[in-house]
Amino acid sequence: MSDLANTVERYLEIWNETDATRRAEKIREVFTEDATYTDPLGDVSGHEAINALIGAVQEQFAGLTFSLAGAVDAHHDIARFTWNLAPAGAPEPVAVGFDVVKAGGDGRLSAVYGFLDKVPAAA
């Protein structure tokens, strides 16, 4: 598995971390200081804003878990992957997304571009 694929796995771990302090530590490890996150529902930059966005999503979808829905396709400093959001043991995800990430020179993520393929009515 490539370093960037490992970083993607760590990125999804951040989305599942419910403790804001631990999540902030992981964000500092995985994202550059000026990293951006953009999807149809949000556009933020910097560690604090990314942490706040993830916290808000977790409040909205409490008890659900993000997971990879297939292999990470990576080359150079970019990767793409599909993720699912579902309760434990659910046969179908409640949300499905497709993200593209770009790594900075130090291997941390400098940008995330998210697309939502399946969104629950509550979103």
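Overview of the structure.

About the criteria used
Residues numbered from 1 in each chain as written. Predicted model: local features only at pLDDT ≥ 70, side-chain atom pairs only at ≥ 80, totals over all residues. Heavy atoms only, no water. Salt bridge = Lys/Arg side-chain N within 4 Å of Asp/Glu carboxyl O. Buried < 20%, exposed > 50% of the residue type's maximum accessible area, 1.4 Å probe, protein only. Helix = DSSP H or I, 4+ residues; strand = E, 2+ residues; numbered from the N terminus. Axes fitted to C-alpha atoms, helices over the stretch in contact; angles between N-to-C directions. Parallel < 35°, antiparallel > 145°, perpendicular 65-115°, else oblique. Left-handed = near helix turned anticlockwise from the far one by under 90°. Contact = heavy atoms within 4.5 Å.

Quick notes on the pattern of salt bridges
Phase 1: Scanning the entire structure with this criterion turns up eight salt bridges.
Phase 2: R22 serves as the salt-bridge partner of E17, at 3.2 Å between the closest nitrogen and oxygen.
Phase 3: Classification of E17 by relative accessible area gives buried; the value is 10%.
Phase 4: Residue D77 pairs with K102 through a salt bridge whose shortest N-O separation is 2.5 Å. Taken as a pair, D77 in the loop between β4 (73-75) and β5 (78-87) and K102 in strand β6 (residues 95-103) lie far apart in primary sequence, 25 residues in all.
Phase 5: According to the relative accessible area criterion, D77 is partly exposed, its value standing at 29%.
Phase 6: For K102, a relative accessible area of 33% translates into the label partly exposed.
Phase 7: Through salt bridges with shared partners, one network takes in E17, R22 and K26.

What to know about the packing of helix α2 (residues 20-30) against helix α3 (residues 47-60)
Phase 1: Remark: α2 packs on α3, axes separated minimally by 10 Å, with the N-to-C direction vectors making an angle of 135°. Judged by the angle between their axes, α2 and α3 are oblique. Crossing angle aside, the handedness with which α2 passes α3 is right-handed. Together, A20, R23, A24, I27 and R28 of α2 and H47, I50, N51, I54, G55 and Q58 of α3 make up the contact between the two elements.

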